[in-house]
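Examining the three-dimensional arrangement
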Amino acid sequence: MSKISLESPFRHFRGKICKHAQIIFKEMYGTKFTSQICHPRTKPYTEEELARQSKFSKASTAVRGILSDAEQRASAESAFKSQRKYKTLWGFLHAQEYAKQV
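The following refers to the structure shown. All values reported here derive from a predicted model rather than from experimental measurement.

**Regarding the overall build of the protein chain**
Helix and strand counts for the protein chain come out as three helices and two strands. Counting from the amino terminus, helix and strand elements in the protein chain follow one another as β-β-α-α-α. Sorting the 102 residues of the protein chain into buried and exposed places 14% on the buried side. Carbon and sulfur atoms form 55% of the exposed surface of the protein chain, whose accessible area is close to 9,200 Å².

**What to know about the packing of helix H1 (residues 47-68) against helix H2 (residues 70-81)**
One can describe the packing of H1 onto H2 by two numbers: an axis separation of 5 Å at closest approach and a directional angle of 100°. It follows that H1 is roughly perpendicular to H2 by the angle criterion. Facing H1, whose interface residues are Gly65, Ile66, Leu67 and Ser68, H2 presents Ala70, Gln72, Arg73 and Ala76.

**Let's talk about the packing of H1 against helix H3 (residues 89-100)**
Remark: H1 packs on H3, axes separated minimally by 9 Å, with the N-to-C direction vectors making an angle of 125°. Relative to H3, the element H1 is oriented oblique. Like other packed secondary-structure pairs, H1 and H3 cross with a definite hand, here right-handed. In this structure, H1 uses Arg52, Lys55, Phe56, Ala59, Ser60, Ala62, Val63, Arg64, Ile66 and Leu67 to contact H3, whose residues at the interface are Leu89, Trp90, Leu93, His94, Glu97 and Tyr98. For the contact of H1 with H3, a count of residues per class yields ten nonpolar, two polar and four charged.

**What to know about H3**
The end-to-end C-alpha distance of H3, which contains twelve residues, comes to 17 Å, matching closely the 16 Å that a straight helix rising 1.5 Å per residue would cover. Taken residue by residue, H3 has Leu89, Phe92, Leu93, His94 and Glu97 as its buried positions. The inward-facing, buried residues of H3 contact H1 and H2.

**Thoughts on the nonpolar core**
In terms of nonpolar packing, the biggest core is built from seven residues, these being Val63, Ile66, Ala76, Phe80, Leu89, Phe92 and Leu93. Among the secondary structure elements, those contributing two or more residues to this core are H1, H2 and H3. For this core, the element with the most residues is H3, which contributes three residues.

**So, the packing of aromatic side chains**
A complete count under the given rule lists three aromatic pairs for this structure. Summarising the aromatic geometry, the rings of Phe80 and Phe92 are spaced 5.8 Å apart at their centres and angled 55° between planes, so their arrangement reads as tilted. Of this pair, Phe80 sits in helix H2 while Phe92 is found in helix H3, placing the two residues twelve residues apart along the sequence. Summarising the burial analysis for this pair, Phe80 and Phe92 share the class buried. Just above the ring of Tyr98 sits the side chain of Lys55; from NZ or CZ to the centre is 4.4 Å.

The rules behind these values
- Residues numbered from 1 in each chain as written.
- Predicted model: local features only at pLDDT ≥ 70, side-chain atom pairs only at ≥ 80, totals over all residues.
- Heavy atoms only, no water.
- Helix = DSSP H or I, 4+ residues; strand = E, 2+ residues; numbered from the N terminus.
- Buried < 20%, exposed > 50% of the residue type's maximum accessible area, 1.4 Å probe, protein only.
- Areas by Shrake-Rupley, 256 points an atom, 1.4 Å probe, with all protein chains shown as cover.
- Axes fitted to C-alpha atoms, helices over the stretch in contact; angles between N-to-C directions.
- Parallel < 35°, antiparallel > 145°, perpendicular 65-115°, else oblique.
- Contact = heavy atoms within 4.5 Å.
- Left-handed = near helix turned anticlockwise from the far one by under 90°.
- Nonpolar A, V, L, I, M, F, W, Y, C, P; charged D, E, K, R; others polar.
- Expected span 1.5 Å × (residues − 1).
- Core = buried A, V, L, I, M, F, W, Y, C linked by side-chain atoms within 4.5 Å.
- Phe/Tyr/Trp six-rings, centres within 6.5 Å; stacked < 30°, edge-to-face > 60°.
- Lys NZ or Arg CZ within 6 Å of the ring centre and 35° of its normal.

This is how it looks when you write it as structure tokens:
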């Protein structure tokens, strides 16, 4: 007769889990992890936060343009291969474009 062993999504969880907490299961770059949102945001965003969000979205749009153009993508990939800080081409390009934003 065969045996079945059920595995839980995670073996250990540290910290408190409230009634109103939201548990999130994620997998990024081959690593599985969980996170918890205990107190969701209820107040409006400040001007600085809105400016940062706008800067981030402009950088994301610029990166999409670079990745869609074959010539720009090829030069970006060669620059990406010569560095070790960023794991993905998207992250490398996004950091460069984010730094360019005023």
